[in-house]
Amino acid sequence: MPVMERWSSTGAFLLAAIGSAVGIGNIWRFSTVLGQNGGGAYLIPYIIAVFVFAMPLMILEITLGEKLRGTIVSAFRRINPRFVIGWFLCVIVGLILSYYLVITGWTLGYTILTLATGAPSFSEFSSNSLLPIAFFVIATLVTGLIVSFGVNRGIERISIILIPSCVLILLILAAYGTLLPGFYQGITYMFTPDFSVLADPLLWSAAFGQAFFSLSVGMGILLTYGTYMKSGQHIPRFTLIISLADLFVAFLAGLVIFPIVFTFGLSPTAGAELAFTSLPIAFAQMPAGKVVAVAFFAVLFFAAITSTISMMEVGVAAIRESLGWSRVKTTIAVTGGILLLGLPSAMSYSSFALKLDGIKILDFMDETVGTLGLPVAALLFSVTFAWYLPRETLESALGGKDSIARWIIPLCRYVIPGALVMTTIARIASGLGIANTYLLPGSGYIGLLVQLEGITAIVVISLVLIIIACRLRGCNIRKRLGFGNRK
Ligand code: TRP
């Protein structure tokens, strides 16, 4: 077992955890989901999702990391040595990482190209045979390089530099936004609640999905980061800080994006296109637009890279622990694996235009692993730990019988799994088009077929990787799962 690394300070842990939470999700995904779900209306379910659902699970996750001092794989094994769910979660995170890095590559590409020549049009950029793939490879190598330097010299050092830079640049851009004529309209759009849409289950589903994605909760990332913490710290306070910081950055990004959208007559519901297609049109027209564009894409890149390192660390920690490899060797292997996994997604937005069922592979991955895999993983996480760990163990980990354990345990046992199951069913149903529920952004054109294919693909890839991992460790998977030669 490798020597356990530790954060050099509480602030370093907080910045790394905020770095994992703050990502592309806060900047374009939040404003997109907000735009597609009627602006201010969406804020109420989102804030409820963050504080009532994502935060308690986050408290549980960090606490488990700090108490169990293991990776996601050994944490599940602690409950039952047969549980290979930890590896399944690693696979899901790896698959998300593989396409998230493609978008990270675009942000890097846009920063560099804007600086060199002016922002390219997205259709031009994504029909290039080389650039999108090259930037994906660079983003992956940068992530691997940072992770290979370890917790102190790699992850925390980069987070300490990049996260404050992100916030500072966003503050300056938001201040610039107040000068634009569309500022007032943008603010009104963002903050006017519309209570009538609160009855729509898909609005809640979108809010939940976004809250779990944005806080990177239930995936083993915070558990892994929790294992590097010193014991005896006040974890609930930390989760509040992380959640508020994440929300703050999402709002700030909205304050940058919406004034521009309304000033230049763009559509606030443009979806993923907003950042790469619509905004560059506005950047080209505004005073000092080039500076604003470079700053905007650099923020996206900085935010993305602190998230990709957190995703990679989950797998690196798990493999290191089970194989006893050095950090550098493990990171090289994982980086290579992610390059292979992400290549089809990268190629789908290049001149190769790789598609599955008529949908670009990257969109396919986001619809399946990103939208469905994530709640399923969070569900497995909350159910396993809240149900299988003895209540006394949970209570003592969370600070005693009369502590917040009173709230966290029932929430993680009943309320969070219930909400996750319901919203996931709503999503699958929306893919089927039952009762006109195609309203869910992006689901109408994809449908159940893709979702089923996606789920099958995830299960098959997971099984193959789990079997490889077990073989490497010399264990017999059949025996582990209980099919072994019983006498
Ligand atoms: N939270 C990040 C964002 O908002 C993305 C992210 C980091 C993530 N780690 C994750 C998403 C794990 C899903 C799973 O962009």
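None of the values given here were measured: they were computed from a predicted structure.

Thresholds, definitions, all that
Residues numbered from 1 in each chain as written. Predicted model: local features only at pLDDT ≥ 70, side-chain atom pairs only at ≥ 80, totals over all residues. Heavy atoms only, no water. Phe/Tyr/Trp six-rings, centres within 6.5 Å; stacked < 30°, edge-to-face > 60°. Helix = DSSP H or I, 4+ residues; strand = E, 2+ residues; numbered from the N terminus. Buried < 20%, exposed > 50% of the residue type's maximum accessible area, 1.4 Å probe, protein only. Lys NZ or Arg CZ within 6 Å of the ring centre and 35° of its normal. Expected span 1.5 Å × (residues − 1). Bend = angle between axes of the 7 residues up to and from the residue. Near = heavy atom within 4 Å. Polar contact = N/O pair within 3.5 Å; in protein donor to acceptor, adjacent residues only side chain to side chain. Areas by Shrake-Rupley, 256 points an atom, 1.4 Å probe, with all protein chains shown as cover. Axes fitted to C-alpha atoms, helices over the stretch in contact; angles between N-to-C directions. Parallel < 35°, antiparallel > 145°, perpendicular 65-115°, else oblique. Left-handed = near helix turned anticlockwise from the far one by under 90°. Contact = heavy atoms within 4.5 Å. 1 Å grid on protein atoms, 1.4 Å probe; cavity = no way out; pocket = protein on both sides within 12 Å on 5 of 7 lines; lining within 4 Å. Points joined across faces, edges and corners; volume = space filled by probe spheres on them. Nonpolar A, V, L, I, M, F, W, Y, C, P; charged D, E, K, R; others polar. Core = buried A, V, L, I, M, F, W, Y, C linked by side-chain atoms within 4.5 Å.

**Student:** Can you tell me about the packing of aromatic side chains, naming the residues and giving the values?
**Tutor:** Scanning the entire structure with this criterion turns up 32 aromatic pairs. Between the aromatic rings of Phe83 and Tyr388, the centroid separation amounts to 5.5 Å while the plane-to-plane angle is 85°, which identifies the pairing as edge-to-face. In this pair, Phe83 sits in the loop between helix 4 (72-79) and helix 5 (85-116) while Tyr388 sits in helix 16 (residues 361-388), placing the two residues 305 residues apart along the sequence. Note on Tyr388: relative accessible area 51%, which makes it exposed. With centroids separated by 6.0 Å and ring planes inclined at 20°, the aromatic side chains of Phe276 and Phe297 adopt a geometry described as stacked. One end of the pair, Phe276, is in helix 13 (residues 273-285); the other, Phe297, is in helix 14 (residues 289-323), with 21 residues separating them in the sequence. There is no split in this pair, since Phe276 and Phe297 are both buried. Three or more aromatic residues joined by ring pairs make a cluster, and in this case those are Trp106, Tyr110, Phe122, Phe125, Phe276, Phe283, Phe296, Phe297 and Tyr349. Directly above the aromatic system of Trp387 lies the positively charged group of Arg413, at a separation of 5.2 Å from the ring centroid.

**Student:** How would you sum up unusual backbone geometry? Please name residues and give values.
**Tutor:** With a phi angle near 45°, Ser216 is a residue other than glycine that sits in the positive phi range. Take Ser216: it is sitting in the loop between helix 10 (201-215) and helix 11 (221-227). With relative accessibility at 9%, the residue Ser216 sits in the buried group.

**Student:** Hey, could you go over helix 8 (residues 150-177) for me, with residue numbers and the actual values?
**Tutor:** Its 28 residues place the ends of helix 8 38 Å apart at the C-alpha level, agreeing with the 40 Å of an ideal helix rising 1.5 Å per residue. Along helix 8, the sharpest change in direction is near 25° and occurs at Glu156.

**Student:** Can you explain the site of the ligand? Please cite residues and give values.
**Tutor:** If you check the shell around the ligand, you find 16 residues, and the closest are Ala21, Gly25, Tyr100, Phe213 and Ser214. Ser216 is positioned with one of its side-chain polar atoms (N or O) 3.3 Å from a nitrogen atom of the ligand. Expressed as a share of its isolated accessible area of 360 Å², the protein-covered part of the ligand is 100%. Among the elements of the structure, helix 1 (10-21), helix 2 (24-36), helix 5, helix 10 and helix 14 are those that each provide at least two residues to the shell around the ligand.

**Student:** Can you break down the packing of helix 3 (residues 43-68) against helix 10 residue by residue, with the values?
**Tutor:** Across the interface, helix 3 lies against helix 10 with an axial gap of 9 Å and an inter-helix angle of 45°. Considering their axes alone, helix 3 and helix 10 lie oblique with respect to each other. Our pair here, helix 3 against helix 10, has a crossing hand that is right-handed. Residues Pro45, Tyr46, Ile48, Ala49, Val50, Phe53, Ala54, Leu57 and Met58 of helix 3 form the contact with helix 10, whose own contacting residues are Leu203, Trp204, Ala207, Phe208, Gln210, Ala211, Phe212, Ser214 and Leu215.

**Student:** Describe empty space enclosed by the protein, listing the residues and the values that go with them.
**Tutor:** Under the definition given, this model contains five cavities of 30 Å³ or more. Taken as a whole, the largest cavity encloses approximately 190 Å³ of empty space. Forming the walls of the largest cavity are 19 residues, and the residues nearest its centre are Ile96, Phe213, Ser216, Ile221 and Met311. Elements with a contribution of two residues or more to the lining of the largest cavity: helix 1, helix 2, helix 5, helix 10 and helix 14. Residues that form the lining of the largest cavity fall into these classes: 11 nonpolar, eight polar and no charged.

**Student:** So what's going on with the nonpolar core? Residues and values would help.
**Tutor:** By size, the foremost hydrophobic cluster in this structure holds 156 residues, and its most contacted members are Phe212 and Phe296. With 20 residues, helix 5 is the single largest residue contributor to this core. Apart from the residues lying within four places of it in its own chain, the contact partners of Phe296 are Ile27, Leu173, Val256, Ile257, Ala275, Leu279 and Phe283.

**Student:** Can you lay out the packing of helix 8 against helix 14 for me, pointing to particular residues and giving the numbers?
**Tutor:** Look at helix 8 against helix 14: their axes get within 9 Å of each other, and the N-to-C directions meet at 150°. Here helix 8 lies roughly antiparallel to helix 14, going by the angle between them. Our pair here, helix 8 against helix 14, has a crossing hand that is left-handed. Counting all contacts with helix 8, which are made through Val151, Ile155, Ile158, Ser159, Leu162, Ile163, Ser165, Cys166, Ile169, Leu170, Leu173 and Tyr176, the residues of helix 14 involved are Val292, Ala295, Phe296, Val299, Phe302, Ala303, Ile305, Thr306, Ile309 and Glu313. Looking at the contact of helix 8 with helix 14, its residues break down into 18 nonpolar, three polar and one charged.

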